[in-house]
Amino acid sequence: MVDTRVVNSSVMERKAEVKNLDFYYGSAKALKSVSMVVWDRRVTALIGPSGCGKTTLLRCFNRMHDLYPGNRYDGEILLDGVNILEKQIDPIEVRMRVSMVFQRPNPFPKSIYENVAYGLRVQGITEKSLLDEKVEKALQGAALWNEAKDRLKEPAYNLSGGQQQRLCIARAIATEPNIVLFDEPTSALDPIATSSIEELMNELKEQVTILIVTHSMQQAARVSDYTAFMYLGEMVEFNETNLLFNKPADQKTQDYVSGRFG
Amino acid sequence: MAQAEFSQSNSQSDYLQQIRASVARRELISKLFGVLGLLVISIATLILIALVAQLFVQGIPRLNWKFFTSFPSSDFNEAGILSAWVGSLLVMLTTMVIAVPLGVAAGIYLEEYAPKNWLAALIEINVTNLAGVPSIVYGLLALGLFSTVLNLGESILTAGLTLALLILPIVIVTTREALRAIPSSLREAAYALGASRWQMIWDHILPYSSGSILTGIIIGLSRAIGETAPLITIGALTYIAFLPPSPIQSQFPFISFEWLTAPFTVLPIQMFNWVSRPQPEFQVNAAAAGVVLILLTLTLNAFAIYLRYRLRKGVKW
Ligand SMILES: Nc1ncnc2c1ncn2[C@@H]1O[C@H](COP(=O)(O)OP(=O)(O)O)[C@@H](O)[C@H]1O
Ligand SMILES: [Mg+2]
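Source: prediction; values computed, not measured. All residue numbers here refer to positions counted from 1 along the written sequence of the relevant chain. Note on labels: chains are lettered from A, ligands numbered from 1, in written order. This being a predicted model, a pLDDT of at least 70 is required before a residue's local features are given, and a value of 80 or more before pairs of side-chain atoms are given or counted; all residues contribute to the totals for chains, interfaces and linings. Water and hydrogen atoms were dropped before computing side-chain values, which therefore reflect all heavy atoms in the structure.

Visitor: Is there a simple way to explain the pairing of strand β1 (residues 14–25) of chain A in this structure?
Guide: The side chains of a regular strand alternate between both faces of the sheet. Residue and element names in this part refer to chain A. Pairing analysis gives eight bridges linking β1 to strand β2 (residues 28–39), with the strands arranged antiparallel. Residue pairing across strands places Y25 opposite A28, the latter belonging to β2. Remark: two residues form the turn of the hairpin made by β1 and β2, two consecutive strands paired antiparallel; G26 in that turn has positive phi of roughly 60°. At least two DSSP bridges between two strands are needed for those strands to be called paired. Secondary structure elements are defined from DSSP: runs of H or I of at least 4 residues count as helices, runs of E of at least 2 residues count as strands, and each element is numbered from the N terminus.

Below is the structure:
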C-alpha cells in the first residue's frame, strides 16, 4: 500500500500558521498560547471535550470575534505569511478569504440562488452570466446541483436539513476562498446527511483548505489528514490524524482518543 | 399476606380518590376563571359593538357621494367632509414622510450601531416614555417650536411634524423590536461572507423584519389619524371651505409643495365641530364622519395584518 500522504508531503505548503495565540472573552482567557499549522488543501480537524476552545479557535481564523465588544486576540495567525489578527487588517477582507459553515444550517430566507450568490454580490460581482456560472459551480461543488437546478428560485427553507447545510457549503465556497471553516457542521443532521457531507469534504479538499471542529472522534478520523487535540484552551497535541489516534504522544490525548473522558 | 395486600390496595384507592378530588377542585377553579373571563370580555365587546352599531345606524344613511364632495356648511343638508378628508389625507402623508425615515433610521441606529452604554440606556428609557406622553403635550411643544419659533404657522406641515413627533416613539420601538427578533445566526452568516455592517442590515435584517416594521408604522398612523387635541392646540381650523393648493400643477415643474403651508382641518376635528352643534341633524353628520374615520382605521389595521402575513410567509427561521 502506498502512503499517498508521504508522496504529497514533498509539495505540501503551509496555508496558515497559528503562533502563540491567546484569546480573551473580556477577562476570561479561552485560548492559551495555541500554535498549529494548517496545511494547504488538507483537512485539519480540531477535537477535544466540550468547552475546550475549539469554536473559539476556529472563529479567530475569520475574525468573527471582532463582532462582539470586549474580545481580544494576542499572538498571530499567519495566512499566506500575513498576520490576519493585525489591527490594520480589516476583518471584512479576512472573511472574504476565509469563509465559514456553521453548526446549524443557517440559509438566508431568500431563494436558493440568492443564498449562493450573496457572497459574490458582496464582492461586487453584478454580471448575471458570471453569477449564474459561479452559482452553478458552487452548487456542483456542494453536490447540490442535481437536486437544486430546477428550483433555484424556490426559498431555501424548502430544502431538507442536510440539503440546507450543503447549500451553506455552496454559499461558503462560491467565492473560492482560501480556507473554509466548519464548526461541527453535521451535529444537527441525521446519519445519511452526515455521511454525504463527509464525502463532500473529501472532494472539496482538492480545491480548498479545510479546518473542521468536530466533537466526534470518528468523524475526525474519517475526514481529516491532520488532527489537533485541545484541552482547557490549550493545544495538547497536533499531528497527522492516524498518528494522533494510533500513537498519541501525550497521556491526555491517549485518554481522550481511547474514550476515557470527554 | 393477603391481608397486607388488601390494605395496600385499599390505601392506594384512597390515595387515588384524594388525587381525583384535588384535580376536580382545581379544574373547577380553572373553569370558574374561564367563565369569568368570558363574561368580562363579552361585556367589553358588547359595549364596543353597541357603540359602533349606533354610530353606523345613525351615520350610514347620510353617507353619499355629495357628503364626500361638499365643504362644511351651516346648512346640515349641504354640509360635507371634503376639506376634512383631504386635510386628513395630506396631514397623514406628511406625517408618514417625516416619521417613517426618521423612526426607522433611529431604530436601526439604536439597535445596531449605538454602543451599549449608559447613554444608549438613557435614550432607550426616554423613547419608551415618550410613547406614553399625553398627545396634548406634543401639541403645546409644536405650538411653541414649529408654529412660533420656526414660523411654520397653522399649516399642514406643522400638523405633520406634530403627529410625526407623536408616533415617532411607536415607530422607533417597533423597529427595534423587529430588528432584535432576527436571530444572530443570520447576522453571522452575512458577516461571515464578508458583508459590512450596512450590507448586513440593508440586505438581510431590514428585509426580514420589514413586515413587523410596517405593522408598527401603520399602528402609529392609525393612532395619528384619530388625534384631535394636538391639532386643535396648534390651531387647526374647525371650519374651512376651501382646499389646499393641488400638489399637481399643469405647468412645469408639475408638482408643488405649496399645500404644505395651507391651513387645514381633519376628520376628527370636523366631527368634534359637528357634535358641539345644538341641531340634532348635525349629530347625524358627526356620526357619518365617525363612520368614515372608523372605516379608515379598520382599513389601515387590516392592511397591517395583511402585510404582516404576506411578508412573514416567506420568512421563517
Ligand atoms: N461568547 C462568549 N463569552 C464568554 N465566554 C465564552 C463565549 N463563548 C465561549 N466561551 C467560553 O470559552 C470556552 C471555550 O468555548 P468554545 O470555544 O465554545 O468551546 P468548544 O467549541 O470547544 O465546545 C468555554 O469555557 C466557554 O464557556
Ligand atoms: Mg463549539
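Visitor: What exactly am I supposed to notice about the pattern of salt bridges here?
Guide: Two side chains that carry opposite charge are able to pair once their charged atoms sit near each other. Salt-bridge detection follows one rule: a side-chain nitrogen of Lys or Arg within 4 Å of a carboxyl oxygen of Asp or Glu. Inspection of the entire model under this criterion finds 21 salt bridges over all chains. A salt bridge links K128 of chain A to D132 of chain A; its shortest N-O distance comes to 2.9 Å. Placement of the pair is K128 of chain A and D132 of chain A together in helix α5 (residues 128–141), with a separation of four residues, close to one helical turn. Given a relative accessible area of 52%, K128 of chain A falls into the exposed group. One salt bridge in this structure joins E124 of chain B and R176 of chain B, with 3.5 Å as the shortest N-O distance. Linking E124 of chain B in helix α4 (residues 118–130) with R176 of chain B in helix α6 (residues 156–180), this pair joins segments that are 52 residues apart in sequence. When accessible area is computed with a 1.4 Å probe and restricted to protein chains, residues below 20% of their type maximum are described as buried, those above 50% as exposed, and intermediate ones as partly exposed. Given a relative accessible area of 34%, E124 of chain B falls into the partly exposed group. Bridged by salt links that share partners, the residues E111, E124, R176 and R180 of chain B form one connected network.

Visitor: Looking at this structure, I do not really get unusual backbone geometry. What am I missing?
Guide: Across residues other than glycine, the phi torsion is negative in most instances, and most of the peptide bonds are trans. All names here are of chain A. In this structure, S33 takes a positive phi of about 45° despite not being glycine. Tracing the backbone shows S33 in strand β2. Within the chain, R41 stands out as a residue other than glycine whose phi angle is a positive 50°.

Visitor: Would you mind showing me how to read the sheet that holds strand β5 (residues 82–83) of chain A here?
Guide: Within a sheet, neighbouring strands are paired by backbone hydrogen bonds and run either parallel or antiparallel to one another. Residues and elements named next belong to chain A. Read from one edge to the other, the open sheet built from four strands follows the order β2-β1-β4-β5, with strand pairing classed as antiparallel. The outermost strands of the open sheet, each flanked by one partner alone, are β2 and β5. For strand β4 (residues 71–79) and β5, the ladder comprises two bridges, and the chain directions are antiparallel. Paired with L79 across the two strands is V82, which belongs to β5.

Visitor: When you look at the site of ligand 1 in this model, what are you seeing that I'm missing?
Guide: All names here are of chain A. The immediate surroundings of ligand 1 are formed by Y25, A30, S50, G51, C52, G53, K54, T55 and T56. In this structure, a nitrogen atom belonging to ligand 1 sits 3.4 Å away from a side-chain N or O atom of Y25. When ligand 1 is considered free in solution it has 550 Å² of accessible area, and contact with the protein chains removes 53% of it. By residue number, the principal contributor to the shell around ligand 1 is helix α2 (residues 54–60), which donates three residues. By the convention adopted, Pro, Cys, Tyr, Trp, Phe, Met, Ile, Leu, Val and Ala count as nonpolar, Lys, Arg, Asp and Glu as charged, and the other residues, Gly among them, as polar. Residues belonging to the shell around ligand 1 are distributed by class as follows: three nonpolar, five polar and one charged. Here a residue is near a molecule or strand as soon as one of its heavy atoms is found within 4 Å of it. Whenever a nitrogen or oxygen atom comes within 3.5 Å of another N or O atom, the pair is scored as a polar contact, on the condition that within protein one atom can donate a hydrogen and the other can accept it, and that pairs from neighbouring residues in sequence are kept only if both atoms are in side chains. Where accessible areas are quoted, they stem from the Shrake-Rupley method and a 1.4 Å probe; at the residue level, only the protein chains shown are allowed to cover.

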